Amino acid sequence: MLELDHVTVRFGGLTAVQDVSLRMGSDQVVGLVGPNGAGKTTLFNVISGLVRPASGSRVLFDGRDITRLPLHRRARLGLGRSFQIPQPMHELTVRENLIVAQRFGAGRVDPQKIDRILELMELGEQAERDAANGLALQELKRLEVAKALATEPKLLLLDEVLAGLETLAKRAFMAKLRELHETLGLGILIIEHDIETISSLCHRVAVLDFGQLIADGTPGEVFSNPDVIRSYTGAESAETQHA
Amino acid sequence: MRRSAYLFLAVCYVVVPLAFGGNNYLMGLVVSSLIVAGVAVAWALLGNLGGMVSFGHAAFFGVGAYASALLSMKLGVPVLLAIPLAGLIAVLFSVAMLPALRLSGPYFALAILAYAQIFRILATEMEFLTHGSGGISQIPVLPTIAGFDLSSRTGQFLLLLTLLAAFLATYDLIRRSHYGIALRAMHDSEDATRVVGVNSVLLKSWMLFVSAFMTGVIGAVNAHVINFLEPDYAFSGGWSVLPIVAAIFGGYRTVTGPAIGAVVIYLVDQLVFKALVSTGHQIILGSVLALMILFAPDGLLPLLRNALRRMRGGSHA
Ligand SMILES: Nc1ncnc2c1ncn2[C@@H]1O[C@H](COP(=O)(O)OP(=O)(O)O)[C@@H](O)[C@H]1O
Ligand SMILES: [Mg+2]
């Protein structure tokens, strides 16, 4: 169970996240949406420990205050994440990336399980390649998820892993995420722009706009909320420009 | 480390004493070259696995030397026990370096450089313990074990070669382990490595400790080989620089390169360059190093390997 309690993040004069409070069970699939620059990735960075929030902010995981816990300890508690801009461990092969994640994140060595993750993320053929050189962008994104899975998380934070996929590929990936959720009881917090995807995948959606939480509810409720529609149309056009 | 490296070490055990054992001068040079080799391996381990470039290994070398000398002389600790204890004391002192681990590249290098200077000054000022700049003489020699005199040139050689082999095996073992893979991962992607559960600070600290231990042990052995210490010698910048030169020359990314580089550089410098130019022969060494960095930045060992491969007409595999 993840709980954000009045989380604020400032970068100098910029307030990237403002007083966000949010709870989710480790048995839920929750979507995090909002226009570019809304603070979604920053929120992930706070949860995983890469960014320190302003004083007064609190992050709890399974009832434990992890606000000041170092990155690696959070990973061991069961928080796995992917990076929006893939960050493979350079100088290692794809398989070695997973070995490190498993050995240090899950505290075990289980080559068969690594093979299963490679297969699930369709990286079997790329297993012995250099993570830094031999992979295409979509393969790097799958490696992001594979690394997180290798740490055997209770809660998976996915940052735009579905972006840029064609419809069919996207559906297939979503089916895998659903399966992980159902078979492993894995909680998922996913950043994603596409409304259809979110609606079909998530029990709940939280919307960030300019660092503030402007809506939180079922996809049906949230996407009919006028505030969300207003901010969201902006996001769609922003993403089109981006692409 | 390749099997050929172990084989080479095994051959050295037998061949070197047989070939040069009668020549005390030559054996003395070989012993000195192994001292440099030991520090070079320790330095390369920290640089290669820990990702930290140190300009201050003289600090660990000097601390190890003084610790072993004082333990054996003031407390009567047997020399062969004092040597590993001196390694541990060097580790203890390296704890003071831990805050510097947070510093990146050049700042870490500078911090550890300053650290070595502080120790030289301390060793000079703490006269009650170290006899200051007057130095300590009559440091006990290496003992005789089961009738074998370790204080002879051949004995010193065998002891140092054994230590070197142990260091290389340890380095290789760490590098191949999961810790080694995680350390390699940290070089370019520290956040990505930490976020999957790797305690990067702890792993780097361990590499500092292992490196400090090895360097302290070598400093200690050297103290019992030359039987005399003074601060300017024990903490000399040479103990920081020579291993770097050796590692770069031999190939700092390989396990055995720094050791081979140390032996080659030291012997060539002493036997050839010194004969050519008696004063300032280091200039030739410097020039050779500059050429190496320009034309074979990966060092001698990879250079030789590639040449060998080409001669055999083999492919890149
Ligand atoms: N490390 C940082 N330093 C300064 N500003 C940052 C940093 N990270 C993010 N920001 C700023 O914070 C805001 C939110 O960014 P981000 O969380 O990446 O948004 P999103 O993921 O929702 O697109 C942006 O204005 C961004 O420029
Ligand atoms: Mg983002």
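Everything below is about the structure shown above.
So, here is what we can say about the structure in this document. Remember, it's a predicted structure, so these values are computed and weren't measured experimentally. (Residues numbered from 1 in each chain as written. Chains lettered and ligands numbered in written order. Predicted model: local features only at pLDDT ≥ 70, side-chain atom pairs only at ≥ 80, totals over all residues. Heavy atoms only, no water.)

1. Observations regarding the overall build of chain B
- Scanning chain B from terminus to terminus reveals 15 helices and four strands.
- Since a compact globule built from 317 residues should have a radius of gyration of about 20 Å, the 20 Å found for chain B is in line with a globular shape.
- With respect to the three principal axes, the spread of C-alpha positions in chain B is 55 × 50 × 40 Å.
- Looking at chain B as a whole, 51% of its 317 residues qualify as buried.
- Restricting to contacts in chain B with at least 6 residues of sequence separation, those with at least 24 account for 75%.
- When the accessible surface of chain B is summed, it comes to about 14,300 Å², and 68% of that surface belongs to carbon and sulfur atoms. (Helix = DSSP H or I, 4+ residues; strand = E, 2+ residues; numbered from the N terminus. Rg over C-alpha atoms; globule rule 2.2 N^0.38 Å. Buried < 20%, exposed > 50% of the residue type's maximum accessible area, 1.4 Å probe, protein only. Contact = heavy atoms within 4.5 Å. Areas by Shrake-Rupley, 256 points an atom, 1.4 Å probe, with all protein chains shown as cover.)

2. Side note on the coordination of the magnesium ion (ligand 2)
Residue and element names in this part refer to chain A.
- Distances from the magnesium ion (ligand 2) to its protein donors, Thr41 (OG1) and Gln84 (OE1), fall within 2.0 to 2.1 Å. Of the two residues, Thr41 sits in helix H1 (residues 40-48) while Gln84 sits in the loop between strand S6 (79-81) and helix H3 (94-106), which places them 43 residues apart along the sequence.
- Since its relative accessible area comes to 31%, Gln84 is described here as partly exposed. (Donors = N, O, S within 2.8 Å, 3.2 Å for Na, K, Ca; no water.)

3. Topic: the interface of chain B and chain A
- Each side of the interface is counted separately: chain B has 18 residues, and chain A has 24 residues.
- For the pair chain B and chain A, the summed buried surface comes to about 2,000 Å²; carbon and sulfur atoms form 65% of the total.
- Three residues stand out in chain B for area buried against chain A, namely His178, Val195 and Val196 of chain B, and they jointly supply 31% of the buried area on that side.
- For the pair chain B and chain A, the number of links is one salt bridge.
- Across the pair Glu96 of chain A and Arg184 of chain B runs a salt bridge whose closest N-O atoms are separated by 3.3 Å. (Buried area = accessible area lost by both parts, 1.4 Å probe. Salt bridge = Lys/Arg side-chain N within 4 Å of Asp/Glu carboxyl O.)

4. Digging into the environment of Gln138 of chain A
All names here are of chain A.
- By secondary structure assignment, the location of Gln138 is in helix H5 (residues 137-150).
- Accessibility expressed as a relative area gives 21% for Gln138, which makes it partly exposed.
- Residues Gln138 and Leu165 lie 27 residues apart in sequence; the distance between their C-alpha atoms is 7.9 Å.
- Residues contacting Gln138, with those up to four places away along its chain left out, are Val161, Ala163, Gly164 and Leu165.

5. Some remarks on the side chain of Ser68 of chain B
- Looking at where Ser68 of chain B falls in the secondary structure, it is placed in helix H3 (residues 57-74).
- Not counting residues up to four positions away in its chain, the partners in contact with Ser68 of chain B are Ala82, Ile83, Ala86, Ala220 and His224 of chain B.

6. Considering the packing of helix H4 (residues 79-94) of chain B against helix H10 (residues 200-226) of chain B
Residues and elements named next belong to chain B.
- Relative to each other, H4 and H10 sit at 140°, their axes nearing to 7 Å. As summarised for this structure, H4 and H10 are arranged oblique, according to the angle between their axes. Crossing angle aside, the handedness with which H4 passes H10 is right-handed. In this structure, H4 contributes Val79, Ile83, Pro84, Ala86, Gly87, Leu88, Ala90, Val91 and Ser94 to the contact, and H10 contributes Leu208, Phe209, Ala212, Phe213, Gly216, Val217, Ala220, Val221 and His224.
- Of the residues belonging to the contact of H4 with H10, the class tally is 14 nonpolar, four polar and no charged. (Axes fitted to C-alpha atoms, helices over the stretch in contact; angles between N-to-C directions. Parallel < 35°, antiparallel > 145°, perpendicular 65-115°, else oblique. Left-handed = near helix turned anticlockwise from the far one by under 90°. Nonpolar A, V, L, I, M, F, W, Y, C, P; charged D, E, K, R; others polar.)

7. Quick notes on the nonpolar core
- One finds Val100 and Ile190 of chain A together with Phe157 of chain B to be the most contacted residues of the largest nonpolar core, which totals 139 residues.
- It is helix H2 (residues 24-48) of chain B that contributes the most residues to this core, 16 residues altogether.
- Two domains each provide a minimum of three residues to this core, namely domain 1 (2-78 + 155-242) and domain 2 (87-152) of chain A.
- Among residues more than four places away in sequence, those in contact with Val100 of chain A are Met89, Leu92 and Gly105 of chain A together with Ile181, Ala182, Thr193, Val196 and Val198 of chain B.
- Grouped together as the second largest cluster of nonpolar side chains are 27 residues, Leu2, Leu4, Leu189 and Leu208 of chain A included. (Core = buried A, V, L, I, M, F, W, Y, C linked by side-chain atoms within 4.5 Å. Domains from an automatic or database assignment.)

8. Quick look at H1 of chain A
All names here are of chain A.
- The buried count for H1 comes to eight of nine residues, which makes it a mostly enclosed element.
- Considered for burial, the residues of H1 that qualify are Lys40, Thr42, Leu43, Phe44, Asn45, Val46, Ile47 and Ser48.
- Directly beyond the C-terminal end of H1, a positive phi value near 100° is found at Gly49.

9. Topic: the site of ligand 1
Residue and element names in this part refer to chain A.
- In the vicinity of ligand 1, the contacting residues are Phe11, Leu14, Ala16, Pro35, Asn36, Gly37, Ala38, Gly39, Lys40, Thr41 and Thr42.
- Separating an oxygen atom of ligand 1 from a side-chain N or O atom of Thr41 is a distance of 2.7 Å.
- Coverage of ligand 1 by the protein chains reaches 59% of its 560 Å² of free accessible surface.
- Among the secondary structure elements, those contributing two or more residues to the shell around ligand 1 are strand S2 (14-24) and H1.
- Per-element accounting of the shell around ligand 1 gives the leading share, three residues, to H1.
- Among the residues forming the shell around ligand 1, the class breakdown is five nonpolar, five polar and one charged. (Near = heavy atom within 4 Å. Polar contact = N/O pair within 3.5 Å; in protein donor to acceptor, adjacent residues only side chain to side chain.)

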